[in-house]
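# Close look at the chain arrangement
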Amino acid sequence: MELHNRPDEWKIEQGLSGAKLPFLDQTGPEPVFIQPRTWPELTKDQAAIDAVGNRDELFTRELDGWKGYVEWEKYPEKKEKARKILASQVFPPNPEFQMGPIPDTNPVLPGTHWKMWHHAVGGELADVPEDSWSTVLREKHPEMLHLLQFPYNGEPPKRLVTDKAVTPNSLHFVRNHGGIPLIDKDKWKLDLDGLVKNPRAFTFADITDESKFPRIEKLVTMQCSGTRRIEQISLYAGQGDEVPQAPWAEGAIGTAKYLGINLKDVIEACGGLVKPAKHLELYGAETYFKDNEVMNYVVSVPWSKVKYDEVLLCWEMNGEPLPAIHGYPVRIMVLGYIGARSVKWVYRIKAIENPSIAPVQSKEYLYFNQQTGKHNQQPTDGIQIQEMPVSSAIMSPWTKQVVIHNGKIHCKGWAYSGGGRWPERVELSADGGFSWYAVPNANLSKKGKWTWRTWSIDLPCDVEGWIEIVCRCWDSALNTQPLTVRAAWNWGLHVTHSAHRISVYSINKSRPRTAEKLKQFEATGSPLVPLTWPEEFPTQSWDDYKKFWAENEPRDVDE
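Residues numbered from 1 in each chain as written. Predicted model: local features only at pLDDT ≥ 70, side-chain atom pairs only at ≥ 80, totals over all residues. Heavy atoms only, no water.

In the nomenclature of an unreviewed UniProt entry, the protein chain is known as Sulfite oxidase of Cladophialophora immunda.

### Looking at the layout of surface pockets
In this structure, the second largest pocket occupies an estimated 780 Å³ of space. Across the lining of the second largest pocket, the residue classes break down as 15 nonpolar, seven polar and seven charged. Shared between two domains, the lining of the second largest pocket holds at least three residues of each, these being domain 1 (46-384) and domain 2 (390-508). (1 Å grid on protein atoms, 1.4 Å probe; cavity = no way out; pocket = protein on both sides within 12 Å on 5 of 7 lines; lining within 4 Å. Points joined across faces, edges and corners; volume = space filled by probe spheres on them. Nonpolar A, V, L, I, M, F, W, Y, C, P; charged D, E, K, R; others polar. Domains from an automatic or database assignment.)

### Looking at the sheet that holds strand β20 (residues 391-396)
Working definition: the strands of a sheet are paired by backbone hydrogen bonds and lie parallel or antiparallel to each other. Spatial ordering of the open sheet is given by β20-β22-β25, a layout of three strands whose pairing is antiparallel. Unpaired on one side and paired on the other, β20 and β25 (453-460) mark the two borders of the sheet. Going across the sheet, the axis of each strand differs from the next one's by a mean of 30°, ignoring polarity. Looking at chain direction, β20 and strand β22 (residues 408-416) are connected through five bridges and run antiparallel. What sits directly across from Ser391, in β22, is Tyr416. (Pairing = 2+ DSSP bridges. Helix = DSSP H or I, 4+ residues; strand = E, 2+ residues; numbered from the N terminus. Axes fitted to C-alpha atoms, helices over the stretch in contact; angles between N-to-C directions.)

### Section: the packing of aromatic side chains
Inspection of every chain in the model, using the stated rule, returns 22 aromatic pairs. With a centroid separation of 6.5 Å and an interplanar angle of 70°, the aromatic rings of Tyr545 and Trp549 are classed as edge-to-face. On the criterion of helical spacing, the pair formed by Tyr545 and Trp549 is a turn pair, its members being four residues apart in helix α15 (residues 542-551). Taking 4.9 Å as the distance between ring centres and 85° as the angle between the ring planes, the aromatic pair formed by Phe548 and Trp549 counts as edge-to-face. (Phe/Tyr/Trp six-rings, centres within 6.5 Å; stacked < 30°, edge-to-face > 60°.)

### Points about the nonpolar core
Residues Leu313, Ile332 and Ile349 are the most contacted members of the largest nonpolar core, which totals 113 residues. When sequence neighbours within four positions are dropped, the list of residues in contact with Ile349 reads Leu190, Asp191, Leu192, Asp193, Leu263, Leu280, Glu281, Leu282, Leu313 and Ile332. Within the second largest apolar cluster, 21 residues are counted, among which are Val439, Cys461, Ile469 and Cys473. (Core = buried A, V, L, I, M, F, W, Y, C linked by side-chain atoms within 4.5 Å. Buried < 20%, exposed > 50% of the residue type's maximum accessible area, 1.4 Å probe, protein only. Contact = heavy atoms within 4.5 Å.)

Laid out in structure tokens, this is it:
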């Protein structure tokens, strides 16, 4: 008999190693199994790479005092040379973390491809991965959760996400799309060009001159569109790649006080826009890679957002100069939009007619219909994500946690809504969403047009055993959250704004038998943790056992 089983057969059959499952093609007379790709040998055409030229000369530092910055957008011929270098070698496959186990490491994912791409192009990019990681270790809290080492993606642990209503700089989440350029503020400049009456450049001294531009201080919550992505990944896999789809939890959100000026004022200092300008294209100094193409980080925002003073140029965060990892010396802050539009290390703003066709704006951060996926998607099927919808999350307790309580479970978390809306009411349920309790107003942090509200509640819970705690928010426009992850699932795994659900095992100590049993665990030293460890003492004496059956009907009925 021909044998087909392999050691991991059971895991594959049960969907625990989904990436190893062949596709089942049932379109023909007989089913056909399409096996996962066998990756080709990792080859490199060194002669083709050498023919491109000396990388240290081709991709040298652009500006004095701007380490790690290469200007790509003005030089198509330079982009083409970098593309040839990347296309002349085979890189290893992406790590699989959606249909397989997520590593038990911190950093969780290394960003192997992006490191290799930077090293392959070389020149000014050669040291960027190492410089960036050194910046992370220098500027970030030692207990940050590093979801992706490079380009750096990190969030604080749950216990610290809402520890303060204003997030300390060292604990603010980071979603970088490339390496961290190290820029001297005295050498920094901002070019403002395109469809403006008088294109010009501004120095750091120019934009911080209060006689020219009135300063603005704003408390702003910024949220990544990937926040809570792990909930989508855990149920349904989506678009691959370790970088765009890092397994964010609930910490990809933070609130800080920013000091800066209105971008509108800077545009007016250039004489204003000229027709047909309707959008502002924002350029970040980091290098971005996509499909063997090399570019700077470029997105756009509409003029309608800018003219209402909702787009800022900022240089301070929580009373300190911007950390390098957050865009020093100057970054964009787009109030109420996804974090991807708040460009760090901004060096150019170009007035244009239509939204940018740069890949991050036109081909990424798209919200697709649920029937759109790898087999049929095209970018124009997706809605470009701008404002964040209403969302909330439970920071304590944690899912799968056992909670011993006296009839109330203490919960805390955050709630947020984009676009200038704010959380008006936060509700929790201990029975999966059948009955809801409102968080008392006294337990909600102060309202703000552009900020989250942190909250806490002692949630009534009488039952014992596995329960599902659910959190939802109603914003100032009475928008609320869809109740299931499935309702929010999309191929890009963006904007997990469904009601946040956690499974908790409830042990209600206000019940006499439970209180007595817990004393037995303590007295006997039997392990209480983990939940699945069997008790190591008899739970009922034989005398009590016999007495019960003497006083009650037998298990089976006699004829």
